[in-house]
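One-letter residues, chain by chain:
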Amino acid sequence: MKKVNAVVVGAGAAGGIVAKELSTAGLSVVLLERGRWYTANDCRKDDLRNQRTTVLGNAFGPDDEGNPRVVWDPQTGPRTLLPSEGGYQNNAACVGGGTLSYGAMAWRYMPQDFRMRSIYGAPAGSSLEDWPITYDDLEPWYEKAEYEIGISGDYSGSPFFGPRKRPLPMPPLAPNREFQILEPAAKRLGLHPFHIPMARNSVPYNGRGPCMRCRWCVGFACEVDAKNGSQNTVIPTALATGNCELRTECMAKEILTDDRGRARGVAYFDADGRLQEQPCDIVIVSACAIESARLLLNSKSRLFPNGIGNRHDQVGRHLQGHHYTGAVGFFDFDTYDDVGPGASIAVADYNHGTPGLCGGGALCNEFIRLPIQMIDRLPVNTPRWGLAHKKAMRSFYKRNIAVMGPTQPIPMADARITLDPAVRDKWGMQVARISGNVHPHTFEIGIVQAQRSEAWLKEAGAVSTVVNAGRPTTVSAGQHQAGTCRMGNDPQGSVVNRNCQVHDVDNLFVIDGSVHVTNGGFNPALTIMAIAYFASDSLVRNWNATGFRS
Amino acid sequence: MGGAALAVGCTGHNQGDWDFLNDEQARTLTAICDQIVPADDFPSASQAGVLTYIDRQLARHYRRHRNAYRDGLSSADAMSWQRHGRDMAALSAPQQAQMVAAIEKENSAFFNLVRSHTLEGYYGAPRHGGNRDAVSWRMVGMGEPPVRGRAQYDERKGAAS
């Protein structure tokens, strides 16, 4: 195959941006994606087969056939799981990655989120660290992501975020009924409610129309293409340069190296299952935290017997995501107005500053719950079946509000991805084994966050509540997976430097959620995007037209 | 193997051949499903097509649960014979409710599977054979989608996965 400048593995939130930035700078790029390219016409609004409710499979990958993972649960030992089963920690496998079907909350992390260890100290046994970059380093790139991807919302109600130079490019969607119920209650509690920033058109933007406010949002592709991901923004731009070739249904096998230990290309299985080699000057891994770590670990050679970039046994460690807690409130009046996406209001008062807690998290109202998602979220003491269950569904479907949020995870070094010694995928490659958990202090934060959710709902008039704050036995990574190729200045305690360059392989980069040192108390998508712009910028600046200046 | 048997005369079922269940299994499963979602002003599970949903998926996405259904349904009938001297489908509604409570207690893995599948069939998208005419959605008060006729996959008629 003809050599190109760059191979990007994974066409998700980060990979799409990297491909666009490199190709517009004149580099020739091959963008490999294991999944397919879906369009708005593929939005089937199937309540049982999407990316959130997956009982009949994942709508946007991976398929259940031939893509297992192993989860090491301390209660049951190793379990081999299908992609559609809970515990697999799936994101998606398609052009756009998770951004095709996400709920599209698009937050900036707070300045404190990059300095967790300095502010709080590391809880015993945790691997809590500061990032090697700050909020100020990322601020211009957050702004670029907000404008190029397209974010609506309004932070102005909250005084807790870092400084910004420009407002969001689009106003928020008009408040739905839950917003109208929750906003005055939050203010009575002394909180600072605001409109959730969303990668969703509220007005025509980027050549596409606004959200039509249907109820099938999180977990679904957008029928009217008003939800903004890499598949309908940066990837088309990359392709339009003529410098970027997108190859779908191509599964990366390993990063190939030369005898000096530099990356020389990527071996992958094409759509017909044939092994191909694409030579290149630089390799960018953007396959999401679990699969990026797996690809590095599967790239073994004489110089890298334990996987490339893994000289100090850091690849795959510090796996995190978000532990969600919250409450459901039941009301004696209708709270449901069928105006999607549903999630609309947030408070960020609790992200930092609670004595005794190492951070906190945002609290938001939940996306519209489809009826199938309500069957186990009914008032306390509702029987699990029978006429009483059916009647409770009828009584409360339109009379409940869920408030919840992502708890700032406190990472642990032994929450990690390794290669399972026995289980292989349909290409014969060793699959990811997921083991360990976040630090238990995370769950203590989660309990407080759930109590705060309950208090908000009660203030809003809930006549009864159910509090959800569990202690899962395995890490909850899923669509928020992060941390497995940590960014840092110390090569012995991290995988990449501040520019996302692997410490001991100067033409190999990991650019996605893998590099997050900590994962904030917010959905990570916009931060993944901002880092992709930030890292692409340094990459392009160091590109000298024939090779990469290390 | 159960294979495809005729389902003539099955309670609330008029769909023709089953893909996986045999007639006896279908009758027992109907009895269980209709306790999980009984009829009132709105249809029961089987009346809303839940058996069609489960049967279809046992031939498709839920092939891995076939043994659980074979074993679970036959042990439910065995329990019914032991306690009442007849098939579960032949019991009175209160007896069936007691039987389902007993299955929940003594064979919870099977019960949880059937409960999940029943509620999926009843409250999920109609295209998979359950929730006939979107009856459960109307029951909970969820209106039609705001823009009808735009989607190429009408949820009442579209092909199953």
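Being a predicted model, the structure only gives us computed values, none of them experimental.

A. Up close: the overall build of chain B. Each helix and strand counted, chain B has six helices and zero strands in total. Start at the N end of chain B and walk to the C end: the helices and strands fall as α-α-α-α-α-α. Of all 161 residues assigned to chain B, the portion counted as buried reaches 43%. For chain B, the share of sequence-separated contacts (at least 6 apart) that also reach a separation of at least 24 residues comes to 54%.

B. Highlighting the sheet that holds strand β5 (residues 152–154) of chain A. All names here are of chain A. Ordered in space as β5-β6-β12-β13-β14-β11-β17, the seven strands form an open sheet in which the pairing is antiparallel. Looking at the sheet topology across the chains shown, the edges are occupied by β5 and β17 (464–468). The sheet shows a mean angle of 30° between the axes of neighbouring strands, direction not considered. Relative to strand β13 (residues 363–365), strand β12 (residues 345–347) runs antiparallel, the two being bridged by two bridges. Bridging across to β13, Ala-346 finds its partner in Cys-364. Its contacts with the sheet put helix α4 (residues 177–188) on β12, β13 and β14 (400–407), and the angle it makes with β12 is roughly 25°.

C. Highlighting the interface of chain A and chain B. The interface is formed by 27 residues belonging to chain A together with 31 residues belonging to chain B. Counted by class, the side of chain A that touches chain B contains 12 nonpolar, three polar and 12 charged residues.

D. The packing of helix α3 (residues 66–84) of chain B against helix α4 (residues 93–106) of chain B, seen in detail. Residues and elements named next belong to chain B. Contact pair α3 / α4: the axes reach a minimum separation of 11 Å and the direction vectors enclose 125°. Accordingly, the angle class assigned to the pair α3 and α4 is oblique. Here the hand of the crossing between α3 and α4 comes out right-handed. When α3 is examined against α4, the residues Ala-76, Met-79, Ser-80 and His-84 are found in contact with a partner set consisting of Gln-95, Met-99, Ala-102 and Ile-103. Of the residues assigned to the contact of α3 with α4, the class counts are five nonpolar, three polar and no charged.

E. Just helix α2 (residues 50–58) of chain B, in detail. In terms of residue burial, α2 of chain B counts as a mostly covered element, since nine of its nine residues are buried. Restricting attention to buried positions, one finds in α2 of chain B the residues Val-50, Leu-51, Thr-52, Tyr-53, Ile-54, Asp-55, Arg-56, Gln-57 and Leu-58 of chain B.

F. Structural context of the domain arrangement of chain A. Residue and element names in this part refer to chain A. What the domain assignment lists for chain A is domain 1 (1–41 + 61–72 + 87–102 + 107–150 + 229–318 + 479–550) and domain 2 (151–219 + 323–408 + 439–474). Centre-to-centre, using C-alpha coordinates, domain 1 lies 30 Å away from domain 2. The interface is formed by 29 residues belonging to domain 1 together with 32 residues belonging to domain 2. Looking at the side of domain 1 that touches domain 2, the elements that each hand over two or more residues are α2 (116–120) and α3 (135–150). In terms of residue count, the dominant contributor to the side of domain 1 that touches domain 2 is α3 (seven residues). Residues that form the side of domain 1 that touches domain 2 fall into these classes: 12 nonpolar, 13 polar and four charged.

G. Expanded view of the nonpolar core. Residues and elements named next belong to chain A. One finds Phe-509 and Met-529 to be the most contacted residues of the largest nonpolar core, which totals 205 residues. Here this core takes 11 residues from helix α9 (residues 525–541), the largest share from any one element. Taken domain by domain, this core gets at least three of its residues from each of domain 1 (1–41 + 61–72 + 87–102 + 107–150 + 229–318 + 479–550) and domain 2 (151–219 + 323–408 + 439–474). Not counting chain neighbours up to four residues away, the residues in contact with Phe-509 comprise Ile-282, Ile-284, Val-285, Cys-500, Gln-501, Val-502, Ala-535 and Leu-539.

H. Highlighting the pairing of strand β1 (residues 4–9) of chain A. Residues and elements named next belong to chain A. With five of six residues buried, β1 is to be regarded as a mostly interior element. In the sheet, β1 pairs with strand β10 (residues 275–285) via five bridges, with the strands oriented parallel. Looking across to β10, one finds that Ala-6 is bridged to Ile-282. The pairing of β1 with strand β2 (residues 29–32) spans four bridges and is classified as parallel. Looking at β2, one finds that Val-9 is bridged to Leu-32.

I. Expanded view of unusual backbone geometry. Residue and element names in this part refer to chain A. A cis amide bond, omega -10°, links Gly-61 with the succeeding residue Pro-62. If you trace the backbone, Pro-62 turns up in the loop between β2 and β3 (69–73). The peptide bond linking Gly-340 to Pro-341 adopts the cis configuration, its omega dihedral lying at 0°. Tracing the backbone shows Pro-341 in the loop between β11 (323–330) and β12. Look at Ala-104: it is not a glycine, yet its phi comes out positive at around 80°. Along the chain, the position of Ala-104 falls in the loop between β4 (77–81) and α2.

J. Structural context of the pairing of strand β7 (residues 244–247) of chain A. Residue and element names in this part refer to chain A. Alternating residues of β7 divide into Cys-244 and Leu-246, all buried, and Glu-245 and Arg-247, none buried. Relative to β7, β2 runs parallel, the two sharing four bridges. Residue Leu-32 lies in a different strand from β7, and its bridge partner there is Arg-247.

Calculation criteria
- Residues numbered from 1 in each chain as written.
- Chains lettered and ligands numbered in written order.
- Predicted model: local features only at pLDDT ≥ 70, side-chain atom pairs only at ≥ 80, totals over all residues.
- Helix = DSSP H or I, 4+ residues; strand = E, 2+ residues; numbered from the N terminus.
- Buried ≥ 20, exposed ≤ 12 C-beta atoms within 10 Å, placed from the backbone.
- Contact = placed C-beta atoms within 7 Å.
- Pairing = 2+ DSSP bridges.
- Axes fitted to C-alpha atoms, helices over the stretch in contact; angles between N-to-C directions.
- Nonpolar A, V, L, I, M, F, W, Y, C, P; charged D, E, K, R; others polar.
- Parallel < 35°, antiparallel > 145°, perpendicular 65-115°, else oblique.
- Left-handed = near helix turned anticlockwise from the far one by under 90°.
- Domains from an automatic or database assignment.
- Core = buried A, V, L, I, M, F, W, Y, C linked by C-beta atoms within 7 Å.

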